[in-house]
Amino acid sequence: MTDATALPGQPRGGVLSGPATARAVNVLAPNASPMTLDGTNTWIVSEPGSALAVAIDPGPLDDGHLRTVIATAEQLGKRVALTLLTHGHPDHAEGALRFAELTGTEVRALDPALRLGDEGLGHGDVVTVGGLELRVVPTPGHTADSLCFHLPADRAVLTGDTVLGRGTTVVAHPDGRLGDYLDSLRRLRSLTIDDGVHTVLPGHGPVLEDAQGAVEYYLAHRAHRLAQIETAVEQGHRSPDAVVAHVYAGVDRSLWPAAELSVRAQLEYLREHGLI
């Protein structure tokens, strides 16, 4: 058995659903798959003692899950007063409009097409509900509209798919771009160094206790993959599918379509920088 503290980011063991920090509670959606890991983490975030809460990423359009999120908030003595989205992928956002209907909330997101109400989200925004403070951190790369939410009171960051609790994420080309993603990882690293963030509350997988370690691992992983792909191209594997078959030969083939998106993003990055 591998010691969790030896894994990148020091993933927390135990049940995924339930309290994660003083202000954040996870409700795990029933949509487990190779791409979503154990399922989507829907986060209920609130200030202790407040009757109001924020829901982040309601998840898939699953009425049972959405009602469980509401019931969980009510059991905590909270009413969901606002819905936020980290990005627009269906496993995070498909249920947002139905959830807003059930809760009577607005939906705030970077992408105007995902919003319900007049307010969006952008760089420098601070969301305040019932004394809770969430700082918006733009983190494009996985998708163009990806955001993270810095929860300073818990020294935590909610990362959506930008950093996962297990494994690494996909740069979803063409919407996702590797250069943007690397910049976003560096932005998160600055949060760990300059703002004391130590906990990652991811969109999938377990909570990570070592945010800086997780981000450093992601940066190293991307550098390693880039080197592998550059070498593969030099050896004559020029098409994305050929590169995937060569570089990801030891990876479950069911993940190859997702890997090809990242490969396309990395090939584009290498071309832009004159490396291939």
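That block above? That's the structure.
Residue numbers run consecutively from 1 along every chain, following the written order of its sequence. Where local features are concerned, this predicted model is filtered to residues with pLDDT of at least 70; where side-chain atom pairs are given and counted, the filter is 80 or more; whole-chain, interface and lining totals use all residues. Just so you know, side-chain values use all the structure's heavy atoms and leave hydrogens and water out.

Draft legend 1. Up close: the packing of aromatic side chains. Note on aromatic pairs: the rings of Phe, Tyr and Trp (six-membered ring only in Trp) are paired at centre separations within 6.5 Å, and the planes decide the class, stacked below 30 degrees, edge-to-face beyond 60, tilted for the rest. Across all of its chains, the model carries one aromatic pair by this definition. Both a distance and an angle decide whether a charge sits over a ring: NZ of Lys or CZ of Arg must be within 6 Å of the ring centre and within 35 degrees of the ring normal. Stacked on the ring of Y248, the Lys or Arg R225 has its end atom at 4.2 Å from the ring centre.

Draft legend 2. Layout of the nonpolar core. Judged by nonpolar contacts, the single largest core of 35 residues is most densely connected at V163 and I229. For this core, the secondary structure elements donating two or more residues are helix 4 (178-194), helix 5 (211-234), helix 6 (240-247) and helix 7 (256-272). Numbering goes from the N terminus for both helices and strands, where a helix is a DSSP run of H or I of at least four residues and a strand is a run of E of at least two. Counting residues per element, this core draws most heavily on helix 5, at nine residues. Throughout, a residue-residue contact means that at least one pair of heavy atoms, one from each residue, lies within 4.5 Å. Leaving out residues up to four positions away in the same chain, V163 has contacts with L185, L188, V200, P202, L208, A214 and Y218. Residue types Ala, Val, Leu, Ile, Met, Phe, Trp, Tyr and Cys, when buried and joined through side-chain atoms within 4.5 Å, form a set referred to as a nonpolar core. Here's how the labels work: a residue is buried when its accessible area is under 20% of the maximum for its type, exposed when over 50%, partly exposed in between, all with a 1.4 Å probe on protein chains only. Listed in part, the 21 residues of the second largest apolar core include A20, W43, V127 and A156.

Draft legend 3. Seen up close, helix 3 (residues 96-103). All of the buried residues along helix 3 are A96, F99, A100 and T103. Buried residues along helix 3 cover an arc of 100° about the axis, so they all sit on one side. In helix 3, the exposed positions that point more than 90 degrees away from the buried face belong to L97 and E101. Turning to helix 3, the residues buried within the fold contact strand 4 (52-56), helix 1 (63-75), strand 5 (79-84), helix 2 (90-93) and strand 6 (107-108). Here the arc refers to the directions that run from the helix axis out to each C-beta atom.

Draft legend 4. Structural detail: the sheet that holds strand 10 (residues 156-160). By this definition, two strands are paired if DSSP reports at least two bridges between them. One open sheet accounts for five strands, arranged 7-8-9-10-11; its pairing is mixed. Every interior strand has two partners, whereas the edge strands, strand 7 (126-129) and strand 11 (199-202), have only one. The sheet shows a mean angle of 25° between the axes of neighbouring strands, direction not considered. Looking at chain direction, strand 8 (residues 132-138) and strand 9 (residues 147-151) are connected through four bridges and run antiparallel. Each residue of the ladder has a partner; that of R135, found in strand 9, is H150. For helices, the axis comes from a line fit to the C-alpha atoms of the stretch in contact; other axes are also lines fit to C-alpha atoms, and the angle between any two N-to-C directions lies between 0 and 180 degrees. Along the sheet, helix 4 contacts strand 8, strand 9 and strand 10; its crossing angle with strand 8, the most-contacted strand, is approximately 145°.

Draft legend 5. Region of the structure containing the pattern of salt bridges. Counted as salt bridges are all cases of a side-chain nitrogen of Lys or Arg within 4 Å of a carboxyl oxygen of Asp or Glu. With the rule as written, the count across this model stands at 13 salt bridges. For R23, the salt bridge identified is with E47, shortest N-O distance 3.0 Å. Taken together, the residues span a long stretch of sequence, with R23 in the loop between strand 1 (18-19) and strand 2 (24-28) and E47 in the loop between strand 3 (41-45) and strand 4 at a distance of 24 residues. Grouping residues by exposure puts R23 and E47 together as buried. Across the pair R67 and D63 runs a salt bridge, and its minimum N-O distance is 2.9 Å. Of the two residues, R67 and D63 both sit in helix 1, four residues apart, roughly one turn of that helix. By relative accessible area, which is 45% here, R67 ends up partly exposed. Within the structure, one salt-bridge network assembled from shared partners comprises D63, R67, R98 and E101.

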